[in-house]
Amino acid sequence: MGWEDQMRVSSKQMVDSILTDILRNKEQLNSAQKVVSTQKIVTKPSDDPVAMGNILGYRKILSAIDQYGKNITRGKTHIEITESTLNQIYDFLLEARRLAVDQSSGALEERSTVAEQMKTLYDQILQMANTKLGNSYIFSGHKTDTAAFSRDADYNTTYHGDDGDIRVIAGEKVDIKINITGADALGGAEGVFDVLRSVINGLENPDTAAGTTEIAAQIAPLTDAIDQLEAVRAASASTYTRLESTENQLADFKVKIENMLSGEEDADITKAIIELQGRQTAYETSLAAVSRILQSNLLDFLR
Amino acid sequence: MTHLYGILNVAKGALHTQQKAIDVTAHNIANVNTPGYSRQKVNMVTSHPLSSEPGQLGTGVQAAAIQRMYDSFLGIQINTESQSLGKWEAQKDSLQKVEMILDESSGYGLNGALSEFWNAWHDLVNEPSSQTERAVLLAKSESLANIFNRISADLKQIQRDLDTRISGTVQEINRIADRIAGLNEQIAQVEASGRNANDLRDGRDLLLTELSSMIDINTSEGPDGKMTVLLSGGRPLVQNGTSWDVSIETNASGLQDILWLDGSGGSVNITETISGGALKGWLQVRDGSVPSYLSRLDDMAAGIIQAVNNLHSSGFGLDGSTGNDFFVGTTASDIGIHPNVLGDPRLIAAAGTASGVPGDNSIAIAIAGLQDDLTMDGNTATFGAYYNSIIADLGGAVQEAAANYDHQSAMVEQLTGVRESVSGVSLEEEMVNLIRFQHAYEAAAKLVSTTDELLETVIAMV
C-alpha cells in the first residue's frame, strides 16, 4: 500500500465532498436569508437560549407596562370627573354661603325667594353628588350601583354608599386609591346637606328674627364644609399628580425596555445584508468550482 | 518443443490473468457509485517456476486472489461513530419538533397568553361591575387554558410519534440481523474453499453500518469469517448463522419498552441499557426531555389553578356568592374554567367582602398581583419567569444536540473520506488500469501468434 500514503481521492469521494460543501453553503445562505427577511436574529429558542429567555421577559414587561398605563388612564379619568363635579359643588356652595351671609344681616323681603334658591342649590348639589362614570356612581365607595345620596321632603339626606376604596394598579404591587366617598366630601358631623337644611329652615322660619339667628349660626359650619371639600379636592389632586408622574416614568421605562428587546431580538440590517451577500457569493463560487471539476474526466483525454 | 508449448501455456496464463484483471476492473467501474463497495484488485503472482538449464525458468503469471481493498479498523471506527451520530441526529430532530410546539416567535405562545390573562384581571379591577370585562376575562382565561391543553397534548403526541419510529426501527433491526446471519453463512461457505467473499463482505459491512446508526452494537469477526454482533449487556443479536430478535412491549406509561428475546420464550427489557444509535436518541427525548417539560408545565398549571382559586373562592361575585372556584383541573392537560363561572360571569369574584359588591375590587387586585408573586420553584420565580426558564432550557438542549450532531457529522464524514481513499473506486485509476491490462492482453496475444509462427517454422523444417 505504498502509494496509498498520499491521500487518494476516489471518484465518489470527490463528488460527495463537493456535494457536502455545496449543501453546507446553501444552508448558511438560507439562514442568512431568513435573518434578512424576518429582521430578527432570534426566532426560536435554539438560536440563542439566553436571549430568548430575556426576550420573553421583556415582552411580558412591555405588556404589563401597557396595562399599567391603561389602568392609570382609567384612574385619571375617574379623578377628572370627580374633580369637575366637586368644582361645580364648590361653586354652588360659595353661592349658598353668599346668600346665607346676605340673609344673616337682614333683607327680609326676599327671604322666600332665597329659600327657593337655596332649595334649588341643595338639589343641584345632590344631583352632582350622584354623578356616574359609565354605570358606576363615583361617590358611593364600593356601592357603585347605588346613588350616593337621597333626601326626603324635609331635606334630610341619607348617605347610601360606604367607605370603600376604589383602587387602580399603577405598578408592580402598587395600587392607588382614586375615589372620594360622598361621606368624605360632603358628609360628616355637620355635613353640607345638614347645614343647607338648617339654612333652609332658617329662611322659612316665620319668625324672621329667629330665622336670621339660625342662618347666622350656619355660616361657620358652611365655611367648614367648604374647607372640608377643598381638603378632599387637594388630596385628589395630589393623587392625580402621582398618577401622572407614574405615567411618565412608565413611558420612559417602556422606551428603555423596547430598546433592550430590540437589542436582543432585532437584526442589524446592514450587517445582515452584507452577510447575506457574502454567503451568496460563497455559494455561487462553490457552484462554479463544482461545474469545472465535475466536467473534467480522463475519458475526455483518452480518445 | 516443450518450451514452445510452454510459451503457449505462459501466454494462455497471461491472457487469462489479464482478462481476469479486466473483469475486476469492469466490476470496479460498474460499482463506482455503489454505496459500501470496496474496490477489488487481482493479486498477480508468478507461477511456480521450473528447474531448467541454465537456471530456473518462470512459467508466467497467475491470479492468486482477488483482493478487497479494505481497512477493517476504519470500518469499526465508522460504526462506532455512527452510533453517536445516529443518537444525536435522532435527538436533534425530536427536540426541534418539541421546540416547534413551544413556539414563541409569533408572540402568541403561552408567554403572550399568560400576559393577556393577567391584563384581563387588571381590566376587571378597573370595571368590577361591568359584564364586558368579565366576558373578556373568561375569553382570555379559556385561551390560556386551551394553550396549556394543546401544548400538553402535542408533547404527548410527540411521545407517540417517537414510539412509532421506535417500533419501525425495531422491526428493521430484526430484518437486518436476519440478513447478517444469512450472509455469515454464505461468507463462511465461500471462504472455506479459500476464495474471498468480497462482495458479500461489502454487503455485510453496509448492513453493520446501518445497524450501528440504529442501536449500539459490538462486533467481532471469528476466524471462520462469521461476524458476531452483540447488543449492550453482551446479549447476542447475531452469532454464526443465528439471529436473535428485539421486540417492543407497552409499559405502564403507555409507551413502548424494548425487549430482547432470548429465543426460548424469555425476554429481557433492554430499554435502559441501550446507549447509542437512533433508538437511544429517541428514548432520551421520549423518556427524559419530554416528560420533564410536561411535568414542569403541569406544575405551572397547578400553581396557577391553586393560587387563583384560593383567592377567588375567598372573594364575592356580583350575585353575592362566595366559595366559587375559577379554574377546574390539576394539570396542564385538564386545566379549564369552572363551568359555573363560564355559565354565569357574575360569579367571577372581584370583591373581597360581601358588602363591598359591586365596587370592591380587592380580590381582583390580588389575583392580578399574582403575576409578580414568587410562587414557583420553591418560591423563587414568578409564573412567567418559570415558563421562560423552560423555554431557555429547551433552546439549550436543541443547541447542544445540534452542536453534537454537527461535530459527529464532521467526524463521520472525515472517517468516510479516509475509507473512500482506501476502498473507493477512482475512475481515472481504473481507466489507466484498463489500458494497462489491455496492452498486456494484446502483448500476450502477440505471444500466441508469435509462438504459432515459430511452430509453423519448426513444422516446415521437417
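Residues numbered from 1 in each chain as written. Chains lettered and ligands numbered in written order. Predicted model: local features only at pLDDT ≥ 70, side-chain atom pairs only at ≥ 80, totals over all residues.

Time to look at the overall build of chain A. Counting its regular elements, chain A contains eight helices and six strands. Each helix and strand of chain A, placed in order from N terminus to C terminus, yields the pattern α-α-α-β-β-β-β-β-β-α-α-α-α-α. In terms of overall size, chain A is more extended than a compact globule, its C-alpha atoms giving a radius of gyration of 40 Å where 303 residues would be expected to give roughly 19 Å. Structurally, chain A occupies a C-alpha span of about 140 × 30 × 25 Å along its principal axes. Residue burial in chain A is summarised as follows: out of 303 residues, 33% are buried. Within chain A, contacts between residues separated by at least 24 positions form 66% of all contacts whose residues are at least 6 apart in sequence. (Helix = DSSP H or I, 4+ residues; strand = E, 2+ residues; numbered from the N terminus. Rg over C-alpha atoms; globule rule 2.2 N^0.38 Å. Buried ≥ 20, exposed ≤ 12 C-beta atoms within 10 Å, placed from the backbone. Contact = placed C-beta atoms within 7 Å.)

Before going further, it helps to examine the sheet that holds strand 5 (residues 236-239) of chain B. Across the sheet, which stays open at both edges, the four strands sit in the order 3-4-5-6 (chain B) with antiparallel pairing between neighbours. The open sheet has two free edges, formed respectively by strand 3 (217-221) and strand 6 (242-243) of chain B, since each of these has just one partner strand. (Pairing = 2+ DSSP bridges.)

Quick look at the confidence of the model for chain B now. Of all residues in chain B, 100% attain a pLDDT of 70 or more, and the chain-wide mean is 92. For this predicted complex, the interface confidence reaches an ipTM of 0.88, while the overall pTM sits at 0.87. (pLDDT = per-residue confidence, 0-100.)

We now examine the interface of chain A and chain B. Counting from both sides, the interface comprises 46 residues of chain A and, opposite them, 46 residues of chain B. For the side of chain A that touches chain B, the elements supplying multiple residues, two or more each, are helix 1 (11-38), helix 2 (49-103), strand 5 (167-171) and helix 8 (298-301) of chain A. Of all the elements, helix 2 of chain A adds the most residues to the side of chain A that touches chain B, at 12 residues. Considered class by class, the residues forming the side of chain A that touches chain B number 13 nonpolar, 19 polar and 14 charged. (Nonpolar A, V, L, I, M, F, W, Y, C, P; charged D, E, K, R; others polar.)

Residues and elements named next belong to chain B. Read from one edge of the open sheet, three strands run 7-8-9, paired in antiparallel fashion. Taken across any chain shown, the strands that pair with only one partner, and hence form the sheet edges, are strand 7 (246-250) and strand 9 (267-269). The sheet shows a mean angle of 40° between the axes of neighbouring strands, taken without regard to direction. Taken together, the three bridges between strand 8 (residues 256-261) and strand 9 define a ladder with antiparallel strand orientation. Bridge assignment links Trp 260 to a residue of strand 9, and that residue is Val 268. Running at roughly 155° to strand 7, helix 4 (residues 131-192) makes contact with strand 7 and strand 8 of the sheet. (Axes fitted to C-alpha atoms, helices over the stretch in contact; angles between N-to-C directions.)

Let us look at helix 5 (residues 192-204) of chain A. All names here are of chain A. Its 13 residues give helix 5 an end-to-end C-alpha distance of 18 Å, which sits within 8% of 18 Å, the value for a rise of 1.5 Å per residue. Looking at helix 5, one finds that the buried residues are Val 192, Phe 193, Val 195, Leu 196, Arg 197, Val 199, Ile 200, Gly 202 and Leu 203. Looking at the packing, one finds that the buried side of helix 5 touches helix 2, helix 3 (111-129), strand 4 (157-159), helix 4 (182-186) and helix 6 (208-265). (Expected span 1.5 Å × (residues − 1).)

Residues Trp121(B), Phe148(B), Ile180(B), Leu279(B) and Ala364(B) are the most contacted members of the largest nonpolar core, which totals 108 residues. Broken down by element, this core gets its largest block of residues, 18 residues, from helix 4 of chain B. Not counting residues up to four positions away in its chain, the partners in contact with Trp121(B) are Leu137(B), Ala364(B), Ile367(B) and Ala368(B). With 34 residues, the next largest nonpolar core counts Tyr122(A), Ala148(A), Leu203(A) and Leu229(A) among its residues. (Core = buried A, V, L, I, M, F, W, Y, C linked by C-beta atoms within 7 Å.)

Moving on to the packing of helix 3 (residues 110-126) of chain B against helix 4 of chain B. Residue and element names in this part refer to chain B. Look at helix 3 against helix 4: their axes get within 9 Å of each other, and the N-to-C directions meet at 160°. Of the possible angle classes, the one that applies to helix 3 and helix 4 is roughly antiparallel. In the packing of helix 3 onto helix 4, the handedness of the crossing is left-handed. Residue-level inspection shows Leu 110, Ala 113, Leu 114, Glu 116, Phe 117, Ala 120, Trp 121, Asp 123 and Leu 124 of helix 3 in contact with helix 4, the latter providing Glu 133, Arg 134, Val 136, Leu 137, Lys 140, Ser 141, Ser 143, Leu 144, Ile 147 and Ile 151. Of the residues in the contact of helix 3 with helix 4, the class split is 12 nonpolar, two polar and five charged. (Parallel < 35°, antiparallel > 145°, perpendicular 65-115°, else oblique. Left-handed = near helix turned anticlockwise from the far one by under 90°.)

What follows deals with unusual backbone geometry. Cis geometry is adopted by the peptide bond preceding Pro358(B), which originates at Val357(B) and carries an omega value of 0°. Even without being a glycine, Gln39(A) presents a positive backbone phi close to 60°. Its place among the elements puts Gln39(A) in the loop between helix 1 and helix 2.

Moving on: the packing of helix 2 (residues 72-101) of chain B against helix 6 (residues 277-313) of chain B. All names here are of chain B. Packing of helix 2 against helix 6 leaves a shortest axis separation of 7 Å and a crossing angle of 35°. The interaxial crossing formed by helix 2 with helix 6 has right-handed handedness. Facing helix 2, whose interface residues are Gln 83, Gly 86, Lys 87, Trp 88, Glu 89, Ala 90, Gln 91, Ser 94, Leu 95 and Val 98, helix 6 presents Gly 277, Ala 278, Lys 280, Gly 281, Trp 282, Gln 284, Val 285, Ser 289, Val 290 and Tyr 293. By residue class, the composition of the contact of helix 2 with helix 6 is nine nonpolar, eight polar and three charged.

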